[in-house]
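# Close look at the chain arrangement
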Amino acid sequence: MEVATEMHELNNLTVIHSIQELQARLDRNERQGRTVGFVPTMGFLHEGHLSLVEQARKHNDVVVMSIFVNPAQFGPGEDYDAYPRDTERDTQLAAEAGVDILFMPTPEEMYPQEGGIHILPGTQASMLCGASRPGHFDGVLKVVLKLFNIVDPDRSYFGMKDAQQLAIIETFVRDFNLRTDIVRVPTVREQDGLAKSSRNVHLTAMERKEAPIIQQALQQGALLFAEGHAVAEIEKQVAEHIVANSSGCIDYVSLLSYPALTALDEPKGEAIIACAVKFERTRLIDNIIITKKDGSYVQNDDEQ
Ligand code: AMP
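A few points on the structure. (Residues numbered from 1 in each chain as written. Predicted model: local features only at pLDDT ≥ 70, side-chain atom pairs only at ≥ 80, totals over all residues. Heavy atoms only, no water.)

### A closer look at the layout of surface pockets
Here is the rule we go by: Grid points spaced at 1 Å over the protein atoms alone were grouped into cavities, where a 1.4 Å probe fits but cannot get out, and pockets, open sets with protein on both sides within 12 Å along at least five of seven lines, with lining residues defined by an atom within 4 Å of a point. Grid points are joined across faces, edges and corners, and a volume is the space filled by probe spheres set on the points. As a working rule, the residues Ala, Val, Leu, Ile, Met, Phe, Trp, Tyr, Cys and Pro are called nonpolar, Asp, Glu, Lys and Arg charged, and the rest polar, with Gly in that last group.
Roughly 240 Å³ of volume is contained in the second largest pocket. Ile-67, Phe-68, Val-69, Arg-85 and Pro-105 are, among the 16 residues lining the second largest pocket, the residues nearest its centre. Residues belonging to the lining of the second largest pocket are distributed by class as follows: 10 nonpolar, 3 polar and 3 charged.

Right, here's the structure in full:
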């Protein structure tokens, strides 16, 4: 596809739409030892995305961000068409945050023909969002593998907001010896605790007021877990707390080991309480990670 490279006036951001052009620019032989940090996103940028950039900026010579609303990870009836997009604002924010190269391919550029090969994630993808969104993580891994092959990053930055996605990608990198280090970045939240998300824009004013209950309920669940309550009881209480205080419907509330995402028969290592809540126009996810320390569980700090 022939699309000219654009230089953005701010901070010398280069916008690239073509895979070939990006690959040529990031060729290992041309890098002269400079390290590349990669931040894949679906755009409609907020401070969560920008904290990934901040980390990437600290550790690497060159920061590449991709913005691509990946059709392969949306199921029929999901919000692919309605997913918020604002390329102009995103370009400005990326430039201000110090992104060097912004890669914005079209779906035709990424998927010129129907793929004959599918990537099937393992059991981690059968839980949580994988159970409610069949094929979602197949599509995530497909785009992630393509992007890793295109960018060839030294380090790639992913948010704990999407903890299941992060865990599956870590397994993918380990199992297939992909040559990038995965860096976990804590969840960035609004002042009232709601996890920042591009989809928050689709909440009604009332739903926006209710939505912080999700994180509050998860925190309460973490306390119950630290006190030694049973897993099923905790999941029930978290779900009830959300339903009683909001108009949201529970898709799932689940307490599992992290990052293996297996049932927690015998609590050890890290645990996650993850949930998905459906509002009228949008579905929100959030989670809390709890770590065993000195024999008891403590909540991990995230960027509150
Ligand atoms: P998305 O554009 O929603 O696909 O997200 C792109 C990347 O940003 C993923 O690695 C997300 O986990 C991460 N991300 C999204 N929201 C947040 C947040 N509130 N805090 C930290 N990272 C986030």
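The discussion continues.
### Observations regarding the sheet that holds strand β4 (residues 62-67)
The following threshold applies: Strands are treated as partners if at least two bridges between them are detected by DSSP. In this text, helices come from DSSP runs of H or I with a minimum length of four residues, and strands from runs of E with a minimum of two, each type numbered from the N-terminal end. By the convention used here, residues are in contact when the closest approach between their heavy atoms is within 4.5 Å. Throughout, an axis means a line fitted to C-alpha atoms (over the contacting stretch in the case of helices), and angles, computed between N-to-C directions, take values from 0 to 180 degrees.
Read from one edge of the open sheet, 7 strands run β1-β2-β5-β4-β3-β6-β7, paired in mixed fashion. Two strands bound the open sheet, and with one partner strand each, they are β1 (6-7) and β7 (181-185). Bridging between strand β6 (residues 155-159) and β7 involves 5 bridges; their strand directions are parallel. In the strand pairing of β7, Ser-156 is matched with Ile-182. With respect to the sheet, helix α3 (residues 47-59) is in contact with β3 (36-41), β4, β6 and β7, its orientation differing from that of β6 by roughly 155 degrees.

### Concerning the packing of helix α10 (residues 213-226) against helix α11 (residues 231-245)
In a packed pair of helices, the relevant descriptors are the angle between the two axes and the axis-to-axis distance. Our working rule: What sets the label is the angle itself: under 35 degrees gives roughly parallel, over 145 gives roughly antiparallel, 65 to 115 gives roughly perpendicular, and the rest give oblique. Definitions for this section: a left-handed crossing has its near helix turned counterclockwise from the far helix by less than a right angle. A right-handed crossing has that turn clockwise.
In the contact formed by α10 and α11, the axes pass within 9 Å of each other and the chain directions differ by 155 degrees. With respect to their mutual orientation, α10 and α11 come out roughly antiparallel. Crossing angle aside, the handedness with which α10 passes α11 is right-handed. Mapping the contact onto sequence places Ile-213, Ile-214, Ala-217, Leu-218, Gln-220, Gly-221, Leu-224 and Phe-225 in α10 and Ile-234, Gln-237, Val-238, His-241, Ile-242 and Asn-245 in α11. Here the residues of the contact of α10 with α11 are counted per class, giving 9 nonpolar, 5 polar and no charged.

### Some details on the pattern of salt bridges
The cut-off we apply is this: Basic side-chain nitrogens of Lys or Arg form a salt bridge, by our definition, when they fall within 4 Å of a carboxyl oxygen of Asp or Glu. The buried label applies to any residue whose accessible area, calculated with a 1.4 Å probe on protein chains only, is under 20% of its type's maximum; exposed applies above 50%, and partly exposed to all values in between.
The tally for this structure, following the rule as stated, stands at 15 salt bridges. We note a salt bridge from Arg-31 to Asp-154, for which the minimum N-O separation is 3.4 Å. Of this pair, Arg-31 sits in helix α2 (residues 28-31) while Asp-154 sits in the loop between α7 (136-151) and β6, and the two are 123 residues apart along the sequence. By relative accessible area, which is 21% here, Asp-154 ends up partly exposed. The residue Glu-47 makes a salt bridge to Lys-196 at a minimum N-O spacing of 3.0 Å. Within this pair, whereas Glu-47 is found in helix α3, its partner Lys-196 is found in the loop between β7 and α9 (205-210), the two being separated by 149 residues in sequence.

### Things to note about the site of the ligand
Threshold: Any residue with a heavy atom lying within 4 Å of a molecule or strand is counted as near it. Whenever two N or O atoms come within 3.5 Å, that pair is a polar contact, provided that in protein one can donate a hydrogen and the other can accept it, and provided that, for residues adjacent in sequence, both atoms are side-chain atoms. In short, Shrake-Rupley with a 1.4 Å probe defines the accessible areas, and a residue's cover is counted only from the protein chains shown.
Taken together, 18 residues surround the ligand, and among them Met-42, His-49, Asp-162, Val-188 and Lys-196 come closest. Taking His-49, its side chain carries an N or O atom lying 2.8 Å from an oxygen atom of the ligand. At 2.6 Å, a side-chain N or O of Asp-162 approaches an oxygen atom of the ligand. Alone, the ligand offers 480 Å² of accessible surface; in the complex the protein occludes 93% of this. Going through the elements one at a time, β3, α3 and β6 are the ones with two or more residues in the shell around the ligand. Considering every element that reaches the shell around the ligand, the biggest residue donor is α3, with 3 residues.

### Section: the packing of α7 against helix α8 (residues 163-175)
The geometry of α7 relative to α8 is characterised by a closest axis approach of 11 Å and an angle of 55 degrees between their N-to-C directions. Here α7 lies oblique to α8, going by the angle between them. The hand of the α7/α8 crossing is right-handed. In this structure, α7 uses Phe-137, Val-140, Leu-141, Val-144, Leu-145 and Phe-148 to contact α8, whose residues at the interface are Gln-164, Gln-165, Ile-168, Ile-169, Phe-172 and Val-173. For the contact of α7 with α8, the residue count by class is 10 nonpolar, 2 polar and no charged.

Purely spatial values, then, with no claim about function.
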